[in-house]
Amino acid sequence: MSRYHILVPVDFSELSGSALQTAVKMAGLFEGKITPIHVMVPVTEIDEPFAAHIRYDFDKMQQDALARLNEVAGESVPAELLEPGKVIFGNPAQSIVEEARGADLVIMGSHGRTGFSRIMLGSVAEKVLRMSPVPVMVVKSDSDVDNFADILVTTDFSENAKAAYPLALAIAKKTNAKLELLHVLSYGQLDRDETDQLVEDLREERLRIIKGEVFHEVGARVTTRLITSEASPHEAIAEYVSRNPCHLLIMSTVGRTGLNYLMLGSTTANVVRHVPHAVLSVRPPKPA
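Okay, so let's go over this structure.

Rules used throughout
Residues numbered from 1 in each chain as written. Predicted model: local features only at pLDDT ≥ 70, side-chain atom pairs only at ≥ 80, totals over all residues. Heavy atoms only, no water. Helix = DSSP H or I, 4+ residues; strand = E, 2+ residues; numbered from the N terminus. Buried < 20%, exposed > 50% of the residue type's maximum accessible area, 1.4 Å probe, protein only. Contact = heavy atoms within 4.5 Å. Pairing = 2+ DSSP bridges. Core = buried A, V, L, I, M, F, W, Y, C linked by side-chain atoms within 4.5 Å.

1. Structural notes on the overall build of the protein
Line of reasoning, step 1. When you go through the protein residue by residue, the secondary structure sums to ten helices and ten strands.
Line of reasoning, step 2. Going through the 288 residues of the protein one by one, you find that 49% of them count as buried.
Line of reasoning, step 3. Sequence-distant contacts in the protein: of pairs separated by 6 or more residues, those separated by 24 or more amount to 79%.

2. Quick look at the pairing of strand 10 (residues 279–282)
The two faces of the sheet receive side chains in turn, since in a regular strand these alternate between them.
Line of reasoning, step 1. On strand 10, burial covers both faces: Val 279 and Ser 281 on one face and Leu 280 and Val 282 on the other are all buried.
Line of reasoning, step 2. Looking at chain direction, strand 9 (residues 248–252) and strand 10 are connected through four bridges and run parallel. Considered in strand 10, the bridge of Ile 250 is made with Leu 280.

3. Section: unusual backbone geometry
Peptide bonds are mostly trans, and most non-glycine residues show a negative phi.
Line of reasoning, step 1. The phi angle at Asp 146 is positive, at roughly 50°, despite the residue not being glycine.
Line of reasoning, step 2. Secondary-structure assignment places Asp 146 in the loop between strand 5 (136–139) and strand 6 (150–154).
Line of reasoning, step 3. Its identity is not glycine, yet Asn 176 carries a phi of approximately 55°, on the positive side.
Line of reasoning, step 4. Structurally, Asn 176 is set in the loop between helix 6 (165–175) and strand 7 (178–186).

4. Looking at the nonpolar core
Line of reasoning, step 1. Counting residues in each nonpolar core, the largest one holds 55 residues, and the members touching the most others are Ile 6, Val 8, Met 26, Ile 107, Ile 171, Phe 215 and Ile 250.
Line of reasoning, step 2. Apart from the residues within four sequence positions on either side, Ile 107 is in contact with Ile 6, Leu 7, Val 8, Pro 9, Ala 19, Thr 22, Ala 23, Met 26 and Met 137.
Line of reasoning, step 3. Val 39, Ile 227, Ala 238 and Ala 269 belong to the second-largest nonpolar core, a separate cluster that totals 33 residues.

5. Details of helix 6
Line of reasoning, step 1. Counting buried positions along helix 6 yields eight of eleven residues, so the element is predominantly enclosed.
Line of reasoning, step 2. Along helix 6, the residues classified as buried are Tyr 165, Leu 167, Ala 168, Leu 169, Ala 170, Ile 171, Ala 172 and Thr 175.
Line of reasoning, step 3. Each element contacted by the buried residues of helix 6 is listed here: helix 1 (14–30), strand 6, strand 7, helix 7 (196–214), strand 9 and strand 10.
Line of reasoning, step 4. Count one or two residues on from helix 6 and you reach Asn 176, which has phi positive near 55°.

Shown next as structure tokens:
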């Protein structure tokens, strides 16, 4: 990974500023360029009785939004890192995902809405998280990324989990970060026929193997951690990082959609909702 094209959705909120500032840090690490985009919802999608009876100058609206976008981006991003901004009419999440096909990374803000309001209204960040073809970093207003000096990487030992390893390693090498490899052993999901200690020993050994095989280039800066919990993985992760803050949490996501997603969610999306830290989600490639 020698150069990154970073896409940053901007809605002109304070969170957009945080995303742009984080993008500057990533661009500095990987000699990247940053493209800010703003998505305008078409008037036909605004649920107001009077909307259909008003004439709009769409060209002027787009020009005004583009001027504001370039101004806001220019306040956070050095000129040598900044590409011309883009203003698009469309569904926000779908438009961002479509633009992401030409990028290497998406960095965006999220308010972390939870509960019934999230199910009814959804979250643009969550939709992008599960649909984006490229990695997505979600930042909150209180995310402290520093220089990504402390990185937490989660694994469930699946093939999907492996997708997050190369990017975690690349960032750790660039920043000389301390990297912790974390696995949650959720006894609520286990068959208790095996002894608890045997299962724990096997999982700890697998962590050590990954440390040696994948992250050996980082050397002594890599540690491993096994958490045993009766809670779900995302609850255990959220509890752990509340006591052990990090600058960046890196996970893989399967990209579940539809009814399964609404009913079950995903560990990554649930973690994004419940932790204040920046979360970098890497979606595994689709099977050939």
